[in-house]
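Structure assessment
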Amino acid sequence: MAERVSPAIPVSKLNSYLKAIISAEELLFNIQIFGEVFDVRHHNGNIYFSLKDDEASIKCTSWGGARYGLDKLIVEGEKVILTGSPSFYEKQATISFTVSKVEKKGELGDAYKRFLELKEKLEKLGFFDKEKKKPIPKQISKIGVVTSKDGAVIQDIINIRNRRNPLLEIVVYNSSVQGATAPKEISDGVRYLDALNLDVIIVARGGGSADDLSCFNDEQLAEVVFKATTPIISAVGHETDFTIIDFVADLRAPTPSAAAELVSQNIREQLSGLTKRFAQSVQEKIKEHERQKEDVAYIRKDLIRAMEGFITDKKTEVKLINEKLEKFNPSRLLKLGYSQVLKEGKLAKFESIKVGDSLDVYMSEGIIVTEVKNVKEKKK
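If you're wondering where the values come from, they're calculated on a predicted model, not measured in any experiment.

Along the backbone of the protein chain there are nine helices and 14 strands. Residues classed as buried in the protein chain amount to 31% of the 380 residues present. Taking the contacts inside the protein chain whose residues are at least 6 apart along the sequence as the reference set, 60% of them involve residues at least 24 apart. Surface exposure of the protein chain reaches about 25,600 Å², of which carbon and sulfur atoms provide 55%.

This is the structure in structure tokens:
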């Protein structure tokens with residue numbers, strides 16, 4: 001017997017059938033379900049979240065819930081009892097539980113409780129101390145990024161780098177960013193990049209539910225981040241998401257894109273700063289040179305004054321010497337009636353003169369050549 005095959009129908013028709021089946025099932029009207037709240041989002045007074053137990057989860061919507069104070073009950077990690085009905089949306093073929101009433105079931109959710117306990121433990125150990133946080137360098141030329149190489153996050157970081165500072169070098173360590181193996185892979189990535197002498201390391205992941213981000217609430221990962229010598233920026237999830245690594249890191253960025261903006265200083269701003277500093281340096285050199293010129297001018301004036309004083313003093317000394325020499329000038333003495341006697345071209349001494357010697361007697365009017373006839377010593 002041939003197998004009967006139904007004719008093909010459009011997806012929209014199938015979805016309409018499914019919606020009709022769910023809507024007609026009276027057992028699904030105004031039922032109660034319980035579980036742990038996670039992935040809470042608010043928009044225009046509505047509250048969007050998910051409810052989970054150990055085996056499954058379902059998306060939930062509380063229309064206008066914030067206006068009725070349900071935002072005080074629908075809190076991340078809370079265990080609650082919801083009253084409402086499942087709704088089937090044809091376009092995406094999704095089911096959401098429409099909430100009409102919320103009651104606390106009792107204790108905080110297990111995951112959120114573990115988060116708070118670990119946060120308290122690490123805080124007591126000093127992992128969050130501000131004085132232990134390393135400063136982010138002002139000049140950054142090489143960064144490391146721990147994230148999934150196939151995700152949109154790394155592309156956003158690269159695009160921002162290309163736009164703001166193409167010279168910035170990026171070293172990517174590929175890691176899972178959710179799931180059971182993620183904490184170890186992220187820890188290995190931080191250790192690996194920390195050994196490369198980079199300027200900064202970014203641990204990044206896009207938005208997700210609290211369950212998706214739970215891998216960043218790992219104690220061993222927190223310890224690796226705390227002990228790293230390279231400054232670390234946590235860029236996990238959205239601005240409203242908080243994980244343990246956010247408190248341990250040296251800086252928390254609200255999003256991965258914000259982290260990329262922070263580390264990739266605009267190269268135009270850098271060049272402008274360098275230009276300003278160079279101009280200031282040139283101006284300082286010019287002023288210094290002008291000061292040196294002024295100093296040289298003062299020194300030159302002092303030297304000229306000193307030389308003039310030296311020359312004046314020497315002229316005075318020469319004048320005094322000339323006056324002294326003039327007193328003993330032979331010509332002057334001859335004019336006064338004195339004469340000079342030379343023997344054989346040399347000044348004649350009395351004891352050397354003998355009878356018969358030829359002598360030259362110099363007088364102011366001329367020279368007398370004479371022969372010695374007699375020598376008489378002066379009577380004492």
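Anyway, onward from the coordinates.
Taken in spatial order, the five strands of this open sheet run S7-S6-S8-S9-S10, and their pairing is parallel. The open sheet is flanked by strand S7 (169-174) and strand S10 (251-252), the only strands paired with a single partner.

The next thing to look at is the nonpolar core. Counting 29 residues, the largest nonpolar core has Ile-186, Val-203, Phe-216 and Ile-232 as the members making the most contacts within it. For this core, the elements supplying multiple residues, two or more each, are helix H2 (110-124), helix H4 (182-194), strand S8 (200-205), helix H5 (219-227), strand S9 (232-236) and helix H6 (244-248). With residues near it in sequence (within four places) discarded, Val-203 still touches Val-146, Ile-186, Val-190, Phe-216, Ile-232, Ile-233, Ser-234, Ala-235, Val-236 and Ile-245. Among the nonpolar cores identified, the runner-up in size contains 18 residues, and Leu-168, Ala-204, Ile-233 and Ala-235 belong to it.

Quick look at unusual backbone geometry now. At Asn-44, a residue that is not glycine, the phi angle is positive and equals roughly 55°. Within the secondary structure layout, Asn-44 lies in the loop between strand S1 (31-43) and strand S2 (46-52). With a phi angle near 55°, Ala-93 is a residue other than glycine that sits in the positive phi range. Position of Ala-93 among the secondary structure elements: in the loop between strand S4 (78-89) and strand S5 (94-108). The class for Ala-93 is partly exposed, based on a relative accessible area of 40%.

Before going further, it helps to spend a moment on the sheet that holds strand S11 (residues 340-343). Taken together, four strands build an open sheet; the order of strands is S12-S11-S13-S14 and the sheet is antiparallel. Among the strands making up the open sheet, the edge pair consists of strand S12 (346-347) and strand S14 (366-371). Alignment of strand S13 (residues 358-363) against S14, held across six bridges, turns out to be antiparallel. The partner of Leu-359 across the bridge, within S14, is Thr-370.

On to helix H3 (residues 152-164), then. Helix length check: H3 (13 residues) gives 18 Å between terminal C-alpha atoms against 18 Å at 1.5 Å per residue, within 8%. Turning to H3, its buried residues are Val-153, Ile-154, Ile-157, Ile-160, Arg-161 and Arg-164. When H3 is viewed along its axis, its buried side chains cluster within an angular range of 125° and face the same direction. Among the exposed residues of H3, those oriented more than 90 degrees off its buried face are Ala-152 and Arg-163.

Attention shifts here to the side chain of Asn-15. Mapping Asn-15 onto the fold places it in helix H1 (residues 11-24). Here the side chain of Asn-15 touches Glu-90 through a polar contact of 2.4 Å, landing on its backbone oxygen. Once you skip the residues sitting within four places of it in the chain, Asn-15 turns out to touch Phe-88, Glu-90, Lys-91 and Ala-93.

Criteria and cut-off values
- Residues numbered from 1 in each chain as written.
- Predicted model: local features only at pLDDT ≥ 70, side-chain atom pairs only at ≥ 80, totals over all residues.
- Heavy atoms only, no water.
- Helix = DSSP H or I, 4+ residues; strand = E, 2+ residues; numbered from the N terminus.
- Buried < 20%, exposed > 50% of the residue type's maximum accessible area, 1.4 Å probe, protein only.
- Contact = heavy atoms within 4.5 Å.
- Areas by Shrake-Rupley, 256 points an atom, 1.4 Å probe, with all protein chains shown as cover.
- Pairing = 2+ DSSP bridges.
- Core = buried A, V, L, I, M, F, W, Y, C linked by side-chain atoms within 4.5 Å.
- Expected span 1.5 Å × (residues − 1).
- Arc of directions from axis to C-beta.
- Polar contact = N/O pair within 3.5 Å; in protein donor to acceptor, adjacent residues only side chain to side chain.

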